[in-house]
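Listed here are the chains, written in short residue letters.
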Amino acid sequence: MTESGAGPTLVLVLAVAVLVGCGVILLLERSLTRILLGVILLGNGVNLLILLGGRSGGAPIVGTGAVGQMSDPLPQAMVLTAIVITFGFTAFLLAVAYRSWYLTGDDEVPDDLEDRQIIRRADRNEAGAVDHGGEGPDADPEQVDPEPARRRLRRGKES
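Reading the values: rules and limits
- Residues numbered from 1 in each chain as written.
- Predicted model: local features only at pLDDT ≥ 70, side-chain atom pairs only at ≥ 80, totals over all residues.
- Heavy atoms only, no water.
- UniProt positions renumbered as here; feature names shortened; annotations may be inferred.
- Salt bridge = Lys/Arg side-chain N within 4 Å of Asp/Glu carboxyl O.
- Buried < 20%, exposed > 50% of the residue type's maximum accessible area, 1.4 Å probe, protein only.
- Phe/Tyr/Trp six-rings, centres within 6.5 Å; stacked < 30°, edge-to-face > 60°.
- Helix = DSSP H or I, 4+ residues; strand = E, 2+ residues; numbered from the N terminus.
- Patch = residues over 30% accessible without salt bridge, like charges linked within 9 Å, V, L, I, M, F, W, Y side chains within 5 Å.
- Areas by Shrake-Rupley, 256 points an atom, 1.4 Å probe, with all protein chains shown as cover.
- Polar contact = N/O pair within 3.5 Å; in protein donor to acceptor, adjacent residues only side chain to side chain.
- Contact = heavy atoms within 4.5 Å.
- Expected span 1.5 Å × (residues − 1).

- The chain goes by Na(+)/H(+) antiporter subunit C in an unreviewed UniProt entry, where it is assigned to Micromonospora zamorensis.
- Heading Sequence similarities (unreviewed entry) of the UniProt record for the chain holds this comment: "Belongs to the CPA3 antiporters (TC 2.A.63) subunit C family."
- UniProt annotates the chain under Subcellular location (unreviewed entry) with the comment "Cell membrane".

Set out below in structure tokens:
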């Protein structure tokens with residue numbers, strides 16, 4: 001923030017842009033370690049962005065100064081919450097990356113068989129939703145919502 005409290009400086013805005021940009025680029029990688037680092041950078045960039053949205057000033061404690069001179073406590077509370085959420089998500093991703101490395105010796109995310117089939121179908125311009133059973137959409141038990149159980153019971157008792 002500037003000394004007059006007018007708003008964020010260009011340096012802080014550029015820091016947010018760099019953190020978020022690098023975080024997104026790392027999230028698009030296939031290595032879980034890079035994805036983990038991307039989540040950390042993205043979380044820090046968003047936290048800084050939230051803090052830039054608030055008013056700068058003194059400590060937001062009642063009785064220590066004029067209300068107009070206090071900083072906004074809402075962005076600070078939101079950042080504390082975001083830090084906890086980012087820490088939990090980071091711990092989860094770290095556990096997933098460690099488990100992947102322990103089982104396969106590599107932390108790279110492999111393609112699924114379904115992903116490969118979708119890519120092959122897209123290359124051949126085939127339709128993705130093919131009815132393999134041949135029964136049509138109305139007779140397919142997976143595609144038709146059954147009636148609720150209560151209605152079926154009532155109809156059975158009435159007839």
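## Describing the pattern of salt bridges
Then comes step 1: Within this structure, the stated rule accounts for one salt bridge.
Then comes step 2: The partner of E29 in a salt bridge is R34, with the nearest N and O atoms 3.6 Å apart.
Then comes step 3: Given a relative accessible area of 33%, E29 falls into the partly exposed group.
Then comes step 4: The partly exposed category is assigned to R34, whose relative accessible area is 43%.

## Regarding the packing of aromatic side chains
Then comes step 1: Within the structure shown, the criterion is met by two aromatic pairs.
Then comes step 2: The interplanar angle of 35° and the centroid separation of 6.1 Å between the aromatic rings of Y98 and W101 together place this pair among those described as tilted. With Y98 and W101 both in helix 3 (residues 73-104) and three residues apart, this pair spans about one turn of that helix.
Then comes step 3: Ring geometry for Y98 against Y102: centres 6.1 Å apart, planes inclined by 25°, an arrangement best described as stacked. Taken as a pair, Y98 and Y102 lie in helix 3 at a separation of four residues, close to a single helical turn.
Then comes step 4: Taken together, Y98, W101 and Y102 form an aromatic cluster joined through their ring pairs.

## Looking at a nonpolar patch on the surface
Then comes step 1: A cluster of nonpolar side chains, Y98, W101, Y102 and L103, forms an exposed patch at the surface whose accessible area comes to about 540 Å².
Then comes step 2: L103 gets classed as exposed once you look at its relative accessible area, which sits at 58%.

## Here's the deal with the side chain of S31
Then comes step 1: Assignment of secondary structure puts S31 in the loop between helix 1 (10-27) and helix 2 (32-52).
Then comes step 2: Only 3.1 Å separates the side chain of S31 from the side chain of D107, close enough to count as a polar contact.
Then comes step 3: Beyond its immediate stretch of four places on either side in the chain, S31 contacts D107 and E108.

## Some words on helix 3
Then comes step 1: Helix length check: helix 3, at 32 residues, gives a terminal C-alpha distance of 46 Å against a target of 46 Å (1.5 Å per residue), a fit within 8%.
Then comes step 2: Considered for burial, the residues of helix 3 that qualify are P75, V79, A82, T90, L93, A97 and S100.
Then comes step 3: Looking at the buried side of helix 3, the elements it contacts are helix 2.
Then comes step 4: A positive backbone phi angle near 80° is found at G105, which sits one or two residues after helix 3.

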